[in-house]
Amino acid sequence: MSILELRILPPIAIARLGASATPLESYDLETHPHEPLGYRRIVPAETLRLDPHSGEIVEAYVPEEVRFRDGSKVRPVAPFLELWARTAADVLEPLTTELLEAHGLTPADVRWTIHVGNVKIARRTGNPADRIFAQVTLQDHRRTALEGTCDNFRRGKRLPLGHVQYVKPNAGFPEIRLRYTPAAGLVYGAQTTRNTAADAEEPDPILLNDEQIVYDPDKGWVGFTDGNTLAPLQTEPGAIYAGWSDAQGNQISWGYLDDECDGIVSARLDVQGKTLEAQARIGAGPPTFAPDAIPIRTVHDDLDQWLHGPDHDKPATIEEVEEIVRRAVETVRLLNTAAMNGNTLEGRINAASTMVRQDSNDFGRYYAPIMAPSIVDQHAVLALHQAILAAVRSGTGAWFADTLRKPEEVGDLTDLGRRKMPGMMRGADGRHLVLTRRQIATVASGCIGTLFTEADGRRSE
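Reference entry: report on the structure contained in this document.

What follows deals with the side chain of Gln-165. The topology assignment puts Gln-165 in strand β14 (residues 159–167). In terms of polar contacts, Gln-165 uses its side chain to reach the backbone carbonyl oxygen of His-141, at 2.9 Å. The residues contacting Gln-165, other than those within four sequence positions of it, are Leu-50, Asp-51, Pro-52, Gly-55, Leu-138, His-141, Arg-142, Arg-143, Arg-177, Leu-178 and Arg-179.

We now examine the environment of Glu-319. Among the secondary structure elements, Glu-319 is positioned in helix α4 (residues 318–333). The exposure class assigned to Glu-319 is exposed, which follows from its relative accessible area of 56%. C-alpha separation for the pair Glu-319 and Arg-393, spaced 74 residues apart in sequence, amounts to 9.3 Å.

What follows concerns the environment of Ile-324. Along the polypeptide, Ile-324 turns up in helix α4. Placed 36 residues apart in sequence, Ile-324 and Thr-288 show a C-alpha to C-alpha distance of 19 Å. Not counting residues up to four positions away in its chain, the partners in contact with Ile-324 are Ile-296, Leu-435, Gln-439, Thr-442 and Val-443.

A word on the pattern of salt bridges. Using the criterion set out here, one finds 30 salt bridges in the structure. Residue Arg-297 is joined to Asp-302 by a salt bridge in which the shortest nitrogen-to-oxygen separation is 2.5 Å. Via salt bridges that share partners, Glu-25, Arg-67, Asp-70 and Arg-75 belong to a single interconnected network.

Before going further, it helps to spend a moment on α4. Residues lying three or four places apart along an α-helix face the same way, a consequence of the helix completing one turn every 3.6 residues. In this model, α4 (16 residues) spans 23 Å end to end at C-alpha, consistent with the 22 Å of a helix rising 1.5 Å per residue. For α4, a buried count of 12 out of 16 residues is recorded, marking the element as mostly surrounded by other parts of the structure. Looking at α4, one finds that the buried residues are Val-321, Glu-322, Ile-324, Val-325, Arg-326, Arg-327, Ala-328, Val-329, Glu-330, Thr-331, Val-332 and Arg-333.

So, about the packing of α4 against helix α7 (residues 378–394). Between α4 and α7, the shortest axis-to-axis distance is 10 Å and the interhelical angle comes to 180°. Taken together, the axes of α4 and α7 are roughly antiparallel relative to one another. Two secondary-structure elements touch here, α4 through Ile-318, Val-321, Glu-322, Val-325, Ala-328, Val-329, Val-332 and Arg-333 and α7 through Gln-378, Val-381, Leu-382, His-385, Ile-388, Leu-389, Val-392 and Arg-393. In terms of residue class, the contact of α4 with α7 is made up of 11 nonpolar, two polar and three charged.

Tracing the sequence through the fold places Glu-25 in the loop between β2 (12–16) and β3 (27–30). Side chain to side chain, Glu-25 and Tyr-61 meet in a polar contact 2.6 Å long. Not counting residues within four places of it along the chain, the set of residues in contact with Glu-25 comprises Thr-47, Tyr-61, Pro-63, Glu-65, Val-66, Arg-67 and Arg-75.

Bringing the pairing of strand β15 (residues 177–181) into the picture now. With five of its five residues buried, β15 lies for the most part within the structure. Every second residue of β15 is oriented toward a common face, with Arg-177, Arg-179 and Thr-181 on one face and Leu-178 and Tyr-180 on the other, all of them buried. In this sheet, β15 lies alongside strand β9 (residues 80–88) in antiparallel orientation, the contact comprising three bridges. Its bridge partner lying in β15, Glu-82 is registered against Arg-177. Relative to β15, β14 runs antiparallel, the two sharing five bridges. Its bridge partner being in β15, Tyr-166 is matched across the sheet by Leu-178.

Counting residues in each nonpolar core, the largest one holds 51 residues, and the members touching the most others are Leu-83, Leu-95, Trp-112 and Ile-114. Setting aside anything within four residues of it in sequence, one finds Leu-83 in contact with Leu-6, Arg-7, Ile-8, Pro-94, Leu-95, Val-110, Trp-112, Ile-176, Ala-267 and Ala-278.

Turning our attention to the sheet that holds strand β12 (residues 132–138). Taken together, five strands build an open sheet; the order of strands is β2-β23-β22-β11-β12 and the sheet is mixed. The outermost strands of the open sheet, each flanked by one partner alone, are β2 and β12. With direction set aside, neighbouring strand axes in the sheet form an average angle of 20°. Sheet topology note: the strand β22 (residues 261–271)/strand β23 (residues 274–285) ladder contains 11 bridges and is antiparallel. Bridging from a neighbouring strand, Cys-261 pairs with Ala-284 of β23.

What counts and what doesn't
Residues numbered from 1 in each chain as written. Predicted model: local features only at pLDDT ≥ 70, side-chain atom pairs only at ≥ 80, totals over all residues. Heavy atoms only, no water. Helix = DSSP H or I, 4+ residues; strand = E, 2+ residues; numbered from the N terminus. Polar contact = N/O pair within 3.5 Å; in protein donor to acceptor, adjacent residues only side chain to side chain. Contact = heavy atoms within 4.5 Å. Buried < 20%, exposed > 50% of the residue type's maximum accessible area, 1.4 Å probe, protein only. Salt bridge = Lys/Arg side-chain N within 4 Å of Asp/Glu carboxyl O. Expected span 1.5 Å × (residues − 1). Axes fitted to C-alpha atoms, helices over the stretch in contact; angles between N-to-C directions. Parallel < 35°, antiparallel > 145°, perpendicular 65-115°, else oblique. Nonpolar A, V, L, I, M, F, W, Y, C, P; charged D, E, K, R; others polar. Pairing = 2+ DSSP bridges. Core = buried A, V, L, I, M, F, W, Y, C linked by side-chain atoms within 4.5 Å.

Have a look at this one:
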């Protein structure tokens, strides 16, 4: 049995920042069979315990409970990446010490390279000297730090971007693995004071020690504004970086940066005179502070559409439609719906950053709440979703698909256009949020299909 190709699974692994020394344990989410729109239950799942000193996995266990914090420190999500081998046209199996030995190889023959970066500042300034990169090649099983370097950093300064460890296989866990642990989730910058006006400054309340001071204050990020002609592209909305406003209303950067990153993990192995290589993507994002909920649209939905197309080859199931409704409810629970609707709050008009404000600022649209202010109480919105679920289950929910915003309708700022679902939220393009075409097709297929389903579950002709 020959090793023909290598694969790293999962091909995309997303870590979550955290300052605790103990990684977050694994868990599953379960829905209540009798409360389909209730809170999901967090169920502990099998977790691998890694000894960071020896580099070996010492046990697989199921925790009694899942803890997300140790005191004030958040536990990081630190994913494992496993190396797999294709040994036949239709066989993909874990790469183990036994399989390596069968080819006269050892774990030391596997070469891991990790290259990550944080280019958020460079994305703003357009200056390549603001790009932050870290690259390591693992030679052993010790924990290895990812230390970001940047031409515009102070001399000798590095940005901690987490660490990686080539897991040492043993008899109980012979698989070839790598673990990526992200950084702590701290803020870094250039100096211990910051401007509050052109001629006024104050002690910085965030940058409290020398380890957080990494950027050269004489470079372009401190004092940067989106009006800088070097900026290749502005974001929608613009000026979404920490700073102060000058007399002209320009956002002036305080020079902050974070310790998030993303990049590529590669594994190489020489087998029978041929070098095999596999790659995977890793990234580090913020902690999830609503771990029992799934947002209405995620990267998974976009990947699902990319892999399987915008339409369904066969009718979607009611369960698939229910999951979209459930995620909508979970998103609504996290919103101040009255504020997001643009209601007057405590006597203040335009009191929050909302799509109402953005429509007005970007297009000069008359400032007006999206829905009637009296019907956006969160309890009323949740009751609406409960009614949608009941209609879907009873086979009378064909109308539901018509209430969803289509991708080509994100610029429809009529009253009807702004009231389509999902409502009151912004997409990455700065316009009203829209589901993927595949999600919309799921709803249309699942809801319409229920009108033509026999009692025994067969589709009517």
